[in-house]
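Next come the chains, spelled out residue by residue.
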Amino acid sequence: MFLGFSDRNIFGRSLFPTLPIGETRIFNLMPFDEFGIPFSGWSVARRLGGTYTGNLIEVRRSSDNALSNIGFNSDNELDVATLTGFIGASSGFIRTIYDQTGAGNNFVQTTLANQPRIVNAGVVDTVNGKPSAFFDGVNDVMTVSASTVTYKWLSSPDGFSHHILGILQFGTSSNPNAIYVLIGNLSSSASVGFWYAYDDRAVSGFSDAYRCDVYRGVLTTQAVLNLVNNAITPNKLVSLASVLTNDNTLPGQLRDYGIINGLVKGNLNVNNPTYSTANASNDLQLGASNNIFYLNGYISELMLYKRTAQDFANPVKIIENQKKFYVIT
């Protein structure tokens, strides 16, 4: 007879119960294997699913600008030995972060000066002991090209629930006094699209705020603004998630929730009655939104799930998987 395990048993503890003879439950599966393949998924630190056989990143060596693809090792983590063997004493910069779903929606940056760093003078950039891409806050950004249609579902009504799950560090100081975008595809309040960000601008009265904005193409008019003050600790690796449903019948506070290190945060919402049905105004970017509000900090992993209904259980489980791997408490 097999014993059942609750989500709390499986995901809520660092030590798992001893399995009885015959128990076949496999713990610590990769996210894609355990929760299904998302719409898009990128990681510079690990393989996200057992069926993925490609590379994690493409890197450039600063000494001669040579390029090399870097995959994963036998532990399904970034092949650091191959990476450092290629880079040597130089610095390494990321040209491509591969979409591990196989859909080919890769984040790419071909302009050398705008590529995030992964190796600093022979030493791999890490946060909490795991490889992480460093974005300099000046001009580092990566783009999924020709993606205004591909990612319109992030800001246009389609009856789906959208889960955005990232592992990152905002800032390199305790008081950045800036807005840093993790991911976005809008450039102004007249755009169609969204951005997902950290806001610490004293001039606007925000302090360490979680922020998710969805604009609908009408100047200064948002479909959703989810703003939670004093929600994020800067200069520290965090799990940051948004559960967003594009349901025009719901009030703003029910459309979007911020989940930080697994905890649902209260929100201050401003909303208007309709979303746009148009394509996004700009291509999807990582580390900025249409080349504004550049991130100063680190990005390790990002997954975008498209669900058929608003759902809290699945993102919380995925977050626990991420927190365990990245040692986030």
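Use the structure listed above.
What you see is a predicted model; the values in this text were computed from it and never measured.

Conventions and cut-offs
- Residues numbered from 1 in each chain as written.
- Predicted model: local features only at pLDDT ≥ 70, side-chain atom pairs only at ≥ 80, totals over all residues.
- Heavy atoms only, no water.
- Phe/Tyr/Trp six-rings, centres within 6.5 Å; stacked < 30°, edge-to-face > 60°.
- Helix = DSSP H or I, 4+ residues; strand = E, 2+ residues; numbered from the N terminus.
- Lys NZ or Arg CZ within 6 Å of the ring centre and 35° of its normal.
- Core = buried A, V, L, I, M, F, W, Y, C linked by side-chain atoms within 4.5 Å.
- Buried < 20%, exposed > 50% of the residue type's maximum accessible area, 1.4 Å probe, protein only.
- Contact = heavy atoms within 4.5 Å.

1. Remarks on the packing of aromatic side chains
Enumeration according to the criterion identifies 10 aromatic pairs in this entry. Between Trp195 and Phe293 the ring centres are 5.3 Å apart and the planes differ by 85°, which places this aromatic pair in the edge-to-face class. Separated by 98 residues along the polypeptide, Trp195 in strand β14 (residues 192-199) and Phe293 in the loop between β21 (284-286) and β22 (296-307) bring together distant segments of the chain. Ring geometry for Phe325 and Tyr326: centres 4.8 Å apart, planes at 85°, overall edge-to-face. Each member of the aromatic cluster is reached from another via a ring pair, and the members are Phe39, Tyr151 and Trp153. In this structure, Arg46 is placed above the aromatic ring of Phe325, and the distance from its NZ or CZ to the ring centre is 4.5 Å. Sitting over the ring of Phe325, Lys130 keeps its end group 4.3 Å from the ring centre.

2. Some words on the nonpolar core
Core analysis: the biggest nonpolar cluster contains 64 residues, and Ile57, Phe107, Ile183, Tyr196 and Leu304 have the highest contact counts within it. With five residues, β22 is the single largest residue contributor to this core. Apart from the residues within four sequence positions on either side, Ile183 is in contact with Phe107, Ile164, Phe194, Trp195, Tyr196, Leu284, Gln285, Ala288, Leu302 and Leu304. Listed in part, the nine residues of the second largest apolar core include Val127, Phe134, Leu237 and Tyr326.

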